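Observations on chain architecture
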Amino acid sequence: MSKYPIEKSEAEWKAQLSEEEYSVLREKGTERAFTGAYNMHFEEGTYACMACNTPLFDSSSKFDSGCGWPSFDESIEGRVEYIKDTSHGMIRTEILCTNCGSHLGHVFNDGPTQTGQRYCVNSVSIDFDKK
């Protein structure tokens, strides 16, 4: 039984994704702060997983956190998986796409909005669908 509805071999992911997308989505890499296409992007629409096109975040939940990566205060219900991450000497919560298991970034409990959440997402892990 598969953990995710979409499962591909690493060779299939490498053929589908750019080198940077593969590094972030499949190897849990991070793009450099303030370099991503969606950091200061505020159009109306939906942000989807770059690997499988599953809608993850609505533009109404996006805000400028000043951290250098796209930030959201909530995800679309049921679309994000939460995993304890103790890498790099920190305790964080990693966020993954529930449809394909791709790494998106991390969520923190320091958001300035009513939810108190800050989903810190790599631009390269998402694509935008304009309303």
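We now turn to the structure provided with this report. All figures in this text were calculated on a predicted structure; none of them were measured in a lab.

The rules we used
Residues numbered from 1 in each chain as written. Predicted model: local features only at pLDDT ≥ 70, side-chain atom pairs only at ≥ 80, totals over all residues. Heavy atoms only, no water. Pairing = 2+ DSSP bridges. Helix = DSSP H or I, 4+ residues; strand = E, 2+ residues; numbered from the N terminus. Polar contact = N/O pair within 3.5 Å; in protein donor to acceptor, adjacent residues only side chain to side chain. Contact = heavy atoms within 4.5 Å. Buried < 20%, exposed > 50% of the residue type's maximum accessible area, 1.4 Å probe, protein only.

Bringing the sheet that holds strand E3 (residues 62–63) into the picture now. Read from one edge of the open sheet, 6 strands run E3-E4-E8-E7-E6-E5, paired in antiparallel fashion. Sheet topology places E3 and strand E5 (80–85) at the edges, where each strand pairs with a single neighbour. As judged from the 6 bridges shared by E5 and strand E6 (residues 92–97), these two strands associate in the antiparallel manner. When the sheet's bridge partners are listed, Glu81 is paired in E6 with Leu96.

The next thing to look at is the side chain of Asn122. For Asn122, the location among the structural elements is in the loop between strand E8 (118–121) and strand E9 (126–130). At 3.0 Å, the side chain of Asn122 forms a polar contact with the backbone nitrogen of Glu31. Excluding anything up to four places from it in sequence, Asn122 contacts Val24, Gly29, Thr30, Glu31, Trp69, His103, Leu104 and Gly105.

Backbone geometry follows two general trends: most residues other than glycine have a negative phi, and most peptide bonds adopt the trans configuration. Not every positive phi belongs to a glycine, and Lys28 is a case in point at roughly 60°. Phi at His88 takes a positive value of approximately 60°, unusual for a residue other than glycine. Examined against the element boundaries, His88 turns out to sit in the loop between E5 and E6. For His88, a relative accessible area of 68% translates into the label exposed.

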